[in-house]
Amino acid sequence: MKRNSRLSLALHTLSHMAGDPDRVRTSADIADHAGTNPVVVRRVLGKLREAGLLLSEKGHAGGWRLAKQAGSITLADVYLALDERLVAGGDSDPEPSYCSVETGLQTRVAEVLEEIEESLVQRLRETSITDVHPKSCNYCDG
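The present account deals with the structure reproduced in this document. (Residues numbered from 1 in each chain as written. Predicted model: local features only at pLDDT ≥ 70, side-chain atom pairs only at ≥ 80, totals over all residues. Heavy atoms only, no water.)

1. What to know about the overall build of the chain
Now for step 1: In terms of helices and strands, the chain carries seven helices and two strands.
Now for step 2: Burial analysis of the chain (142 residues in total) assigns 32% to the buried set. (Helix = DSSP H or I, 4+ residues; strand = E, 2+ residues; numbered from the N terminus. Buried < 20%, exposed > 50% of the residue type's maximum accessible area, 1.4 Å probe, protein only.)

Right, dumping it as structure tokens:
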């Protein structure tokens, strides 16, 4: 899968759901389409459910569906729900160093990475799931 497979899976799935928001999808169907295991799907979508982005229904006709309008779900909502970082940050407690240059470098690099992460989240807030859903999709339309 892609660089961050959990984020890719979540965004891909939500984008398809935006195309037909009333349709309930099973973990097996999502996994089959995404080329992954239903257990992986349930773990990822469970985080989205915890964040209030998805609802899950148990039983014979159960599955996953959007908890709110796709247009109100931003890419940042999804990214933050997964509690991952695309920008690798420094350790919060770096190894003690006797070299003040190394300590200064580690501190500054960590600050820069944090600024980049904040900028990334802000940019992701500018795009909703409906913004990335194509006008036509064989999976959604079929």
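2. Points about helix α3 (residues 38-50)
Now for step 1: With 13 residues, α3 ought to run about 18 Å at 1.5 Å a step, and its terminal C-alpha atoms sit 18 Å apart, in line with that.
Now for step 2: Along α3, the positions that sit buried rather than exposed are V41, V44, L45, G46 and L48.
Now for step 3: Elements that come into contact with the buried residues of α3 comprise α1 (5-19), α2 (27-34), β1 (54-57), β2 (63-66) and α4 (75-81).
Now for step 4: A distance of 2.7 Å separates the backbone nitrogen of V39 from a side-chain oxygen at the start of α3, and that oxygen is part of N37.
Now for step 5: Immediately beyond the C-terminal end of α3, within one or two residues, lies G52, with a positive phi of roughly 80 degrees. (Expected span 1.5 Å × (residues − 1). Contact = heavy atoms within 4.5 Å. Polar contact = N/O pair within 3.5 Å; in protein donor to acceptor, adjacent residues only side chain to side chain.)

3. Concerning helix α5 (residues 100-124)
Now for step 1: Taking 1.5 Å per residue, 25 residues should reach 36 Å; α5 reaches 36 Å between its end C-alpha atoms and fits that length.
Now for step 2: Buried within α5 we find E117, V121 and L124.
Now for step 3: Along its buried surface, α5 packs onto α4.

4. Examining the pattern of salt bridges
Now for step 1: Tallied over the full model, the rule gives six salt bridges.
Now for step 2: Note that E84 is salt-bridged to R6, the shortest N-O span being 2.2 Å. You can see E84 sitting in the loop between α4 and α5 and its partner R6 sitting in helix α1, a full 78 residues away along the chain.
Now for step 3: Given the relative accessible area of 21%, E84 is considered partly exposed.
Now for step 4: For E114, the salt bridge goes to R85, with nearest N and O atoms at 3.2 Å. Separated by 29 residues along the polypeptide, E114 in helix α5 and R85 in the loop between α4 and α5 bring together distant segments of the chain.
Now for step 5: Among the residues examined, R85 registers a relative accessible area of 42% and is labelled partly exposed.
Now for step 6: Overlapping salt bridges bring together R108, E111 and E115 as one network. (Salt bridge = Lys/Arg side-chain N within 4 Å of Asp/Glu carboxyl O.)

5. Some words on the environment of L124
Now for step 1: Here L124 shows up in helix α5.
Now for step 2: Expressed as a C-alpha distance, the spacing of L124 and T74, which sit 50 residues apart in the sequence, is 6.7 Å.
Now for step 3: Among all residues touching L124, those that are not within four sequence positions of it are T74, L75, A76 and Y79.

6. What to know about unusual backbone geometry
Now for step 1: For D83, which is not glycine, the phi torsion reads 55 degrees and is therefore positive.
Now for step 2: In this structure, D83 sits in the loop between α4 and α5.
Now for step 3: Its relative accessible area of 65% is what places D83 among the exposed residues.

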